[in-house]
Amino acid sequence: MDGERLSRRDFMKIAGLGGLVFASGLPGCATRGQAGAQSDFFFVQLSDVHWGYNNPKVNPEARTSLRRAIAAVNRLEEKPDFVVFTGDLTQTTDDPKVRRQRLAEFREQAAELKVPAVRFFAGEHDASLDRGEAYQEVIGGPLRYTFDHKGVHFIVLDNTSDPAPVLGAAQVEWLKADLAQRKADDPIVVLTHRPLFPLLPQWDWATRDGMAAVEALLPYRNVVVFYGHIHHEHHHRTGHIEHHAARSLMFPLSPVGTAAQKTQLPWNPAQPFDGLGFRGIHASATGAAPRVREQPLAEA
Amino acid sequence: MIRACRKALAAALLLGAAGAYRAAAAVPERIALGAAKFAFSAAEIRVRKGRPVTLVLSSADFPHGFSIPDFGVRVDLVPGKTVELTFTPDRAGRFVFLCDNFCGEGHDRMTGIVVVTES
């Protein structure tokens with residue numbers, strides 16, 4: 001695999017920043033970011049809400065965690081241009097009625113966000129069992145799409161509406177056709193649920209054909225990927241493309257290399273909401289690498 | 001003459017035995033494994049390094065996947081049918097197998113271990 005793990009320490013070192021704010025490791029990002037300050041904008045990534053999850057040993061605040069996060073976003077001093085939920089809005093269920101009910105309850109809460117726009121896409125818990133039918137019915141919109149914001153091109157890739165963790169040949173072609181309209185230095189942000197690279201296939205942390213998307217993106221110099229699924233902060237690089245996994249708002253999963261098998265980490269009464277959180281992202285049309293701020297839910 | 005015949009017979013028997021051994025070694029061991037939400041019929045499979053093995057896989061209720069990422073092998077299961085997956089483990093150790101098609105809330109529990117022992 002052409003890739004390398006960026007440890008949090010490395011990441012902070014690259015950025016040369018302390019605290020919770022850091023920038024991605026693309027060369028020259030700080031100076032370019034300053035030069036392009038006028039075109040900078042700020043958005044928030046919320047991920048893996050798993051509305052409907054019920055295990056008090058893991059999260060006794062399952063009914064309030066999303067509300068807490070939304071309140072925290074609404075209190076942010078710097079107002080985001082938009083919020084994006086990167087999949088697993090709900091906990092899966094075999095019952096199509098319950099699935100729709102959970103999606104509707106989630107949607108009602110998300111409507112409390114006081115931001116100009118909210119973007120959504122599905123995770124496997126929302127979409128895999130019915131190929132996204134309930135998701136599209138309740139949340140609406142396509143499963144994959146693109147949008148542009150202040151000079152940055154966003155691409156939402158769907159690797160969850162098939163029970164298999166795949167993009168599929170048709171979507172890879174769709175991606176290539178979209179990229180063919182871009183210049184090599186256009187700023188591109190890819191949003192997806194599962195990792196595109198094979199982070200840990202033994203734990204289902206991979207997209208089987210995800211590297212086809214990475215290969216298609218490699219000719220473009222200013223690409224970054226934000227995703228969810230693994231329920232903890234993780235940073236990785238394939239070539240020059242950085243991939244940043246977000247925390248969950250429901251339960252943290254054992255980080256790579258810390259457990260023999262995938263484990264939902266138990267609630268710590270001494271540190272409620274520990275391991276949960278969301279992230280703010282400063283992006284820029286100048287091609288400067290996005291700057292990322294992790295926001296623990298415990299401090300929100 | 002009799003001694004020469006005995007020697008030839010012994011050699012033929014030895015050759016035959018060796019051939020039979022080679023044939024036996026080439027025939028994969030067969031192991032049946034069923035899948036149903038949300039477990040496989042065995043949590044552990046024991047095989048030998050360097051010996052081919054054929055997994056005879058079936059699913060009761062869903063197009064589960066079966067994957068052993070460390071050996072780069074996987075297959076989709078078809079409910080009501082058996083599917084065979086043959087591979088030769090080239091390393092000893094313990095390796096995860098899993099369902100790699102999302103099948104529901106217990107999907108993450110559909111895992112097991114392939115134990116590969118030295119031959």
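Residues numbered from 1 in each chain as written. Chains lettered and ligands numbered in written order. Predicted model: local features only at pLDDT ≥ 70, side-chain atom pairs only at ≥ 80, totals over all residues.

With respect to the overall build of chain B
Then, in step 1: Helix and strand counts for chain B stand at one helix and nine strands.
Then, in step 2: Across chain B, helices and strands are ordered from the amino to the carboxyl terminus as α-β-β-β-β-β-β-β-β-β.
Then, in step 3: A burial count over chain B gives 23% of its 119 residues as buried.
Then, in step 4: Put simply, 63% of the contacts in chain B that link residues at least 6 apart link residues at least 24 apart. (Helix = DSSP H or I, 4+ residues; strand = E, 2+ residues; numbered from the N terminus. Buried ≥ 20, exposed ≤ 12 C-beta atoms within 10 Å, placed from the backbone. Contact = placed C-beta atoms within 7 Å.)

Some words on the overall build of chain A
Then, in step 1: Looking only at helices and strands, one finds eight helices and 13 strands in chain A.
Then, in step 2: In chain A, which comprises 300 residues, the proportion classed as buried is 49%.
Then, in step 3: By sequence separation, contacts in chain A at least 24 residues apart represent 71% of the contacts at least 6 residues apart.

A closer look at helix α8 (residues 210-217) of chain A
Then, in step 1: The set of residues buried in α8(A) consists of Gly210(A), Ala212(A), Ala213(A), Val214(A) and Leu217(A).
Then, in step 2: Buried-residue contacts for α8(A) involve α7 (169-179), β8 (187-191), β9 (222-227), β10 (234-238) and β11 (241-245) of chain A.

Section: the pairing of strand β12 (residues 277-284) of chain A
All names here are of chain A.
Then, in step 1: Counted residue by residue, β12 has eight buried out of eight residues, so it is predominantly covered.
Then, in step 2: Residues Gly277, Arg279, Ile281 and Ala283 of β12 are buried on one face, and the alternating residues Phe278, Gly280, His282 and Ser284, pointing to the opposite face, are buried as well.
Then, in step 3: Taken together, the six bridges between strand β3 (residues 40-46) and β12 define a ladder with antiparallel strand orientation. Within β12, the residue paired with Phe43 across the bridge is Ile281.
Then, in step 4: Two strands pair when backbone bridges link them, and β12 and strand β13 (residues 291-296) are joined in this way by six bridges, in the antiparallel orientation. (Pairing = 2+ DSSP bridges.)

Focus: the interface of chain A and chain B
Then, in step 1: With 14 residues of chain A in contact, the opposing surface of chain B contributes 13 residues.
Then, in step 2: Per-class residue counts for the side of chain A that touches chain B are five nonpolar, five polar and four charged. (Nonpolar A, V, L, I, M, F, W, Y, C, P; charged D, E, K, R; others polar.)

Notes on the confidence of the model for chain B
Residue and element names in this part refer to chain B.
Then, in step 1: Chain-level statistics for chain B give a pLDDT mean of 85 and a share of 78% at 70 or above.
Then, in step 2: Here residues 8-24 scores under 50 on pLDDT; set against residues more than four positions off or in separate chains, the count is zero contacts.
Then, in step 3: Interface confidence in the predicted complex, given as ipTM, is 0.87; pTM for the same model is 0.87. (pLDDT = per-residue confidence, 0-100.)

Things to note about the packing of α7(A) against α8(A)
Residue and element names in this part refer to chain A.
Then, in step 1: As a packed pair, α7 and α8 sit with axes 10 Å apart at the nearest point and diverge in direction by 10°. One way to sum up the angle between α7 and α8 is to call them roughly parallel. The segment α7 lies against α8, with Val172, Leu175, Lys176 and Leu179 engaging Ala212, Ala213 and Ala216.
Then, in step 2: Classifying every residue of the contact of α7 with α8 by side-chain character gives six nonpolar, no polar and one charged. (Axes fitted to C-alpha atoms, helices over the stretch in contact; angles between N-to-C directions. Parallel < 35°, antiparallel > 145°, perpendicular 65-115°, else oblique.)

Overview of the sheet that holds strand β1 (residues 29-36) of chain B
Then, in step 1: Read from one edge to the other, the open sheet built from four strands follows the order β2-β1-β4-β7 (chain B), with strand pairing classed as mixed. Because the sheet does not close on itself, it has two edges, and the strands there are β2 (39-40) and β7 (82-87) of chain B.

Considerations on unusual backbone geometry
Then, in step 1: Here the bond from Lys37(B) into Phe38(B) is cis, since omega is 0°, no more than 30 degrees from zero.
Then, in step 2: Relative to the helices and strands, Phe38(B) resides in the loop between β1 and β2.
Then, in step 3: Positioned with a positive phi, Asp48(A) is a non-glycine residue whose angle comes to about 50°.
Then, in step 4: Residue position: Asp48(A) is located in the loop between β3 and α3 (65-75).
Then, in step 5: A positive phi angle, near 55°, is found at Arg131(A), a position not held by glycine.
Then, in step 6: Of note, Arg131(A) is situated in the loop between α5 (124-127) and α6 (133-138).

A short note on the confidence of the model for chain A
Low pLDDT marks stretches whose predicted atomic positions should not be read closely.
Then, in step 1: In this model, chain A carries an average pLDDT of 90, and 87% of its residues clear a pLDDT of 70 or more.
Then, in step 2: Ignoring residues within four places in sequence, the model shows residues 7-37 of chain A, a span with pLDDT below 50, making 43 contacts including any to other chains.

Details of the pairing of strand β5 (residues 118-121) of chain A
All names here are of chain A.
Then, in step 1: Here strand β4 (residues 82-86) runs beside β5; their pairing, made up of four bridges, is parallel. Note on β5: the bridge partner recorded for Val83 is Val118.
Then, in step 2: The parallel pair β4 and β5, bridged by helix α4 (residues 96-110), forms a crossover whose chirality is right-handed. (Right-handed = clockwise from strand over helix to strand, strands pointing away.)

Let's talk about the environment of Ala43(B)
All names here are of chain B.
Then, in step 1: Take Ala43: it is sitting in the loop between β2 and β3 (44-48).
Then, in step 2: Taking the C-alpha atoms as reference, Ala43 lies 7.2 Å from Thr111; in sequence the two are 68 residues apart.
Then, in step 3: Among all residues touching Ala43, those that are not within four sequence positions of it are Gly112 and Ile113.

Side note on the nonpolar core
Then, in step 1: Counting 70 residues, the largest nonpolar core has Val49(A), Val189(A), Val190(A) and Leu249(A) as its most contacted members.
Then, in step 2: Among the elements that make up this core, the one with the highest residue count is β9(A) (five residues).
Then, in step 3: With 17 residues, the next largest nonpolar core counts Leu55(B), Ile68(B), Met110(B) and Val114(B) among its residues. (Core = buried A, V, L, I, M, F, W, Y, C linked by C-beta atoms within 7 Å.)

Points about the environment of Glu105(A)
All names here are of chain A.
Then, in step 1: Looking at the secondary structure, you find Glu105 in helix α4.
Then, in step 2: On the basis of neighbour count, Glu105 is assigned to the partly exposed category, with 17 C-beta atoms found within 10 Å.
Then, in step 3: Put simply, Glu105 and Val138 are 33 residues apart on the chain and 10.0 Å apart in space, counted from C-alpha to C-alpha.

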